[in-house]
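Chain and residue survey
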Amino acid sequence: MSTVAEIESAIKKLEPKEIWAVGDWLDELREELWDRQIDADIKAGRLDKLGDKAIEDYRAGRCKPLDEILNDE
């Protein structure tokens, strides 16, 4: 099995319980890949400007405590 179409076809043949297990595994894999990408972006400095902007906004008083934001909803 090497193509997405072949994998999709194989998954459709599984029992519902097995499909849920594959879905759970895919969720975990996506989270792991996301974490790796964020780590790589941090190490490469791609998030530095965003971090600097957040610190600047915080120091300038342009931020609300999270509980205030959540209570506004």
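Up top you'll find the structure we're talking about.
Computed from a predicted structure; not experimentally measured.

**As for the overall build of the protein**
Summing up its helical and strand segments, the protein has 4 helices and 0 strands in all. When the helices and strands of the protein are read in sequence order from the N terminus, they spell out α-α-α-α. The C-alpha radius of gyration computed for the protein amounts to 21 Å, which surpasses the reference 11 Å derived for 73 residues by more than 25%, pointing to a less compact arrangement than a globule. Expressed as lengths along the three principal axes of its C-alpha atoms, the size of the protein is roughly 55 × 35 × 15 Å.

**Side note on a negative patch on the surface**
A grouping of Asp24, Glu28, Glu31, Asp35 and Asp39 is seen on the molecular surface, where their side chains present a negatively charged patch. When its relative accessible area of 54% is taken as the criterion, glutamate 28 is described as exposed.

**As for a nonpolar patch on the surface**
Taken together, the side chains of Leu66, Ile69 and Leu70 present a nonpolar region at the surface, about 290 Å² in accessible area. Secondary-structure assignment places leucine 66 in helix 4 (residues 66-72).

**Regarding the environment of lysine 43**
Position of lysine 43 among the secondary structure elements: in helix 2 (residues 16-43). Given a relative accessible area of 77%, lysine 43 falls into the exposed group. Sequence separation between lysine 43 and isoleucine 19 is 24 residues; the distance between their C-alpha atoms is 36 Å.

**Considerations on helix 2**
Over its 28 residues, helix 2 runs 41 Å from end to end, which matches the ideal 40 Å to within 8%, given 1.5 Å per residue. Of the residues one or two after helix 2, glycine 45 is the one with positive phi, at around 80°.

**Description of the environment of proline 16**
Relative to the assigned elements, proline 16 resides in helix 2. The spacing of proline 16 and aspartate 41 is 25 residues in sequence and 37 Å in space, taken between C-alpha atoms.

**Here we look at the side chain of aspartate 57**
Relative to the helices and strands, aspartate 57 resides in helix 3 (residues 48-59). Residue aspartate 57 is classed as buried on the basis of its relative accessible area, which comes to 16%. Discounting chain neighbours no more than four positions away, the residues touching aspartate 57 are Arg62 and Cys63.

**So, the pattern of salt bridges**
Here the structure, examined in full by the defined rule, presents 6 salt bridges. A salt bridge links aspartate 57 to lysine 53; the shortest N-O distance between them is 2.8 Å. Highlighted residues: aspartate 57 and lysine 53, both in helix 3, separated by 4 residues, approximately one helical turn. Overall, lysine 53 belongs to the partly exposed group, its relative accessible area being 40%. It is possible to trace a salt-bridge network through shared partners that takes in Lys53, Glu56, Asp57 and Arg62.

The rules behind the values
Residues numbered from 1 in each chain as written. Predicted model: local features only at pLDDT ≥ 70, side-chain atom pairs only at ≥ 80, totals over all residues. Heavy atoms only, no water. Helix = DSSP H or I, 4+ residues; strand = E, 2+ residues; numbered from the N terminus. Rg over C-alpha atoms; globule rule 2.2 N^0.38 Å. Patch = residues over 30% accessible without salt bridge, like charges linked within 9 Å, V, L, I, M, F, W, Y side chains within 5 Å. Areas by Shrake-Rupley, 256 points an atom, 1.4 Å probe, with all protein chains shown as cover. Salt bridge = Lys/Arg side-chain N within 4 Å of Asp/Glu carboxyl O. Lys, Arg positive; Asp, Glu negative; His and termini not counted. Charge placed at Lys NZ, Arg CZ, Asp CG, Glu CD. Buried < 20%, exposed > 50% of the residue type's maximum accessible area, 1.4 Å probe, protein only. Expected span 1.5 Å × (residues − 1). Contact = heavy atoms within 4.5 Å.

Note that all results are geometric; they support no functional claim without further evidence.
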